[in-house]
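# Residue-level structure breakdown
For reference, the chains in residue letters:
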Amino acid sequence: MKEIIKNRILRGIATKPIMGSALNISPDNESIGVELKEIIKSRFGRSFHIREVDTGSCGACESEIIATTNPIYDIQRFGVDFVASPRHADALLVTGPVSKNMLVALKKTYSAMPEPKIIITLGDCARDGGIFKGSYYIEGGVNSVLPVVLHIPGCPPQPTDIIKTLLAFLKQS
Amino acid sequence: MDSRDFLQKIKALHKISSPEIIFERADEVYIRVSREEFGRMCIALHEQLHSPVMSYFASDEWRDRQVFTVRCAFLSPENRKWFFVVVEIPSHDPVFPSIAKEIYSASLFEREIKEMYGLEPSGNPDVRRLRLHDEVWPEGYYPLRKDFTGPAAGAITGKQFQFVKVEGEGIFEVPVGPVHAGIIGPGHFRFSAAGEPVINLEIRLGFTHRGAEKMFEGKSIREALKLSECLAGDAAFAYSAAFCRAIEKIADIPESDDAKIMRAIFIELERMYNHVADIGGMAIDVGFSFPANLAAIIKENMLALNMKLAGHRYLKHINTLGGVTKILSADDKTLLLSSLRSIKRDFSELEKILQSSVSFMDRVDTTGILRKMTAEDFGVLGVAGRASGIPLDLRSVFPEAYNSVNFQPAREDKGDALARLKIRLFEFKESMRMIEEFAGKLEMTRINCPSDFALKAGFGLGYAESWRGPVLFWVKLDAKGIIERCKVVDSSFHNWQGLSFAVLGNIIPDFPLCNKSFNLSYAGNDL
């Protein structure tokens, strides 16, 4: 406990010192987020909940999605959160080229969601199969299975890209 | 030890007559045996070398002679050599003797050979498919055969996978997955429990199967290198390094000393960001969020450092034949060393917080014990192996650049979640120390990878100790330098079986902790 309190006091809020540090992780993080928060507040009743499904990604996309929730990007403070059940989700975030083995699970997850059932794909594989395009065991892109409305490109997309693309989408839709 | 003398000894000891050495290089030897003696030869090597089956695969390379080739690899750490037992199976009688009853670590490989090539391991009691799920893939289609054509789209098989049934009063089943609560790969866990403790856990994987090994075939080296980075994103560098080393061996491309050091630096950076993420993951899985978030900050700092040094947060696109495409300038070195200093400070705080929390330490202590004997039987390797008293680490077997920094392998004996945590804590600090020393030795000012080399037909094994454990790429090239066969083995392929034994007797709520303490790859296992 002593260590936690010491660390808490000395470190302060994690997002703050990192902005000015040598690594300079995310200088434009804050302004994007504030805008995002306003939109989510007015359109989704303060919370935009996402269920993530991996349909055969290599794991890098998952790592970057998790990174958006770390103390540095902390996407939750803007009202975006990743939830454990599709029943609680406004949006479905799908990664991977859709392995045949995941097809049923993906469809079931989709059918378990309440409206508005926003389908977002993330990473190059999810768009058209990416580097695995043409393989005997993939369906080749999520949009052949579900109505995708937003794609976040990259291999993998960086956390700031994910936040930025989400914002641009929520703004224009 | 001379491999010819060794083979003579084995022939005499185990009364095997047919083995002959068909190919040899410094760290690999290929021994061909008759189909009748294949099992005895494998068991002989298994006993003599105390090695589990490291890789075991078929190939369809001699269509004109109408045979399939099966190769089974063992590692001798003392001799720094990989031993391959090679056997040819006629395609009109596609049966080979199973060794799974004598060598448990062979069992999954045999199931894989059966589903991918249709070769029957006679005597293996379990030939259920691993990756081509019965629900979506009809029988009789073997993807890795050269004359494979896929089944008609949307084929409905109407079949179901048969899980092992545990019967008895009060036993209930808990199915979990493939879609999990967290942001993680897909897999299905079938727990059988009576009251609190788990009696049996069957893990069904293959949900991220993308047909990667088939995708390699027919690709040029350049395309295949890209693909190798996309098999397991959290070990992208180790994978591409292992792939490059296989090609470098085949084409006799030398790896310069600087290149060896650069690769070692990046492989250790990859190890560090993953180990710290796992340490944080173990904290979050017992509900201890403060250190978990501290670990997430350290991981993010490391990914940002990767971005600065290599231009990619997951270290993709830097490996190339003969070395890496990035050099560390003087500024880069300063940045690396100063970042490591602040990471070191944060990490020692993280360690202190975890170790001073009695409830956390109590929770990980004696949880999810994987006994040494079980680990040995299933060929458990890497972090999980070292925590159960199996010292194997490819960095000490094939040290190369690590010789110059006096690498100390980690080792624990208790095999519980705490032991796996301790291995990670130790290895993180050891990696940090080695990177600092490597950076001091590096005098590279320009990239000196050979740009001009002749590719030729041949085969070879490339390997690297990724943060999880050994990654093996066995590659065969044709005369034009096109990939004919590429077999990938991630240590997860062995270790998932270890996990299903480690959770026995533990309560289901401790499963996330046990699982995280192994943190095995879905993508690297399913390929």
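Notes on the structure follow. All values derive from a computational prediction rather than experimental measurement.

### A word on the layout of surface pockets
Residues and elements named next belong to chain B. A volume near 800 Å³ is recorded for the second largest pocket. Surrounding the second largest pocket, 34 residues form its lining, Leu108, Arg111, Asp126, Arg128 and Gln497 being those nearest its centre. Elements with a minimum of two residues in the lining of the second largest pocket: α3 (107-117), β10 (198-204), α11 (372-378), α15 (492-502) and α17 (523-526). Counting residues per element, the lining of the second largest pocket draws most heavily on β10, at six residues. Of the residues assigned to the lining of the second largest pocket, the class counts are 16 nonpolar, eight polar and 10 charged.

### Some words on the sheet that holds strand β2 (residues 28-32) of chain B
Residue and element names in this part refer to chain B. Pairing in this open sheet of five strands is mixed, and the strands run β1-β2-β5-β4-β3 from one edge to the other. The sheet is open, and its two edges are formed by β1 (20-25) and β3 (55-62), each paired on a single side. Recorded for the sheet is a direction-independent mean angle of 25° between the axes of neighbouring strands. The pairing of β3 with strand β4 (residues 67-76) spans six bridges and is classified as antiparallel. Looking at β4, one finds that Ser55 is bridged to Ala73. Helix α1 (residues 3-14) contacts β1, β2 and β5 (81-90) of the sheet and is inclined by roughly 150° relative to β1. Packing against the sheet, helix α2 (residues 38-49) makes contact with β2, β3, β4 and β5, and its axis sits at approximately 15° to β4.

### Some remarks on the interface of chain A and chain B
Each partner contributes to the interface: chain A provides 52 residues, whereas chain B provides 59 residues. Between chain A and chain B, the buried area comes to about 4400 Å², and carbon and sulfur atoms account for 66% of it. At the surface where chain A touches chain B, the tally comes to one salt bridge. Across the salt bridge formed by Glu64(A) and Arg313(B), the nearest N and O atoms sit 2.6 Å from each other. Summed over the shared surface of chain A and chain B, the number is 19 residue pairs in polar contact (both at pLDDT 80 or more). The set of elements that each furnish at least two residues to the side of chain A that touches chain B consists of α1 (2-11), β1 (48-54), α4 (60-67) and α5 (103-111) of chain A. Looking at the side of chain A that touches chain B element by element, the count peaks at seven residues for α4(A). Classifying every residue of the side of chain A that touches chain B by side-chain character gives 29 nonpolar, 12 polar and 11 charged.

Cut-offs and rules
- Residues numbered from 1 in each chain as written.
- Chains lettered and ligands numbered in written order.
- Predicted model: local features only at pLDDT ≥ 70, side-chain atom pairs only at ≥ 80, totals over all residues.
- Heavy atoms only, no water.
- 1 Å grid on protein atoms, 1.4 Å probe; cavity = no way out; pocket = protein on both sides within 12 Å on 5 of 7 lines; lining within 4 Å.
- Points joined across faces, edges and corners; volume = space filled by probe spheres on them.
- Helix = DSSP H or I, 4+ residues; strand = E, 2+ residues; numbered from the N terminus.
- Nonpolar A, V, L, I, M, F, W, Y, C, P; charged D, E, K, R; others polar.
- Pairing = 2+ DSSP bridges.
- Axes fitted to C-alpha atoms, helices over the stretch in contact; angles between N-to-C directions.
- Contact = heavy atoms within 4.5 Å.
- Buried area = accessible area lost by both parts, 1.4 Å probe.
- Salt bridge = Lys/Arg side-chain N within 4 Å of Asp/Glu carboxyl O.
- Polar contact = N/O pair within 3.5 Å; in protein donor to acceptor, adjacent residues only side chain to side chain.

Worth remembering: the numbers are spatial, not functional.
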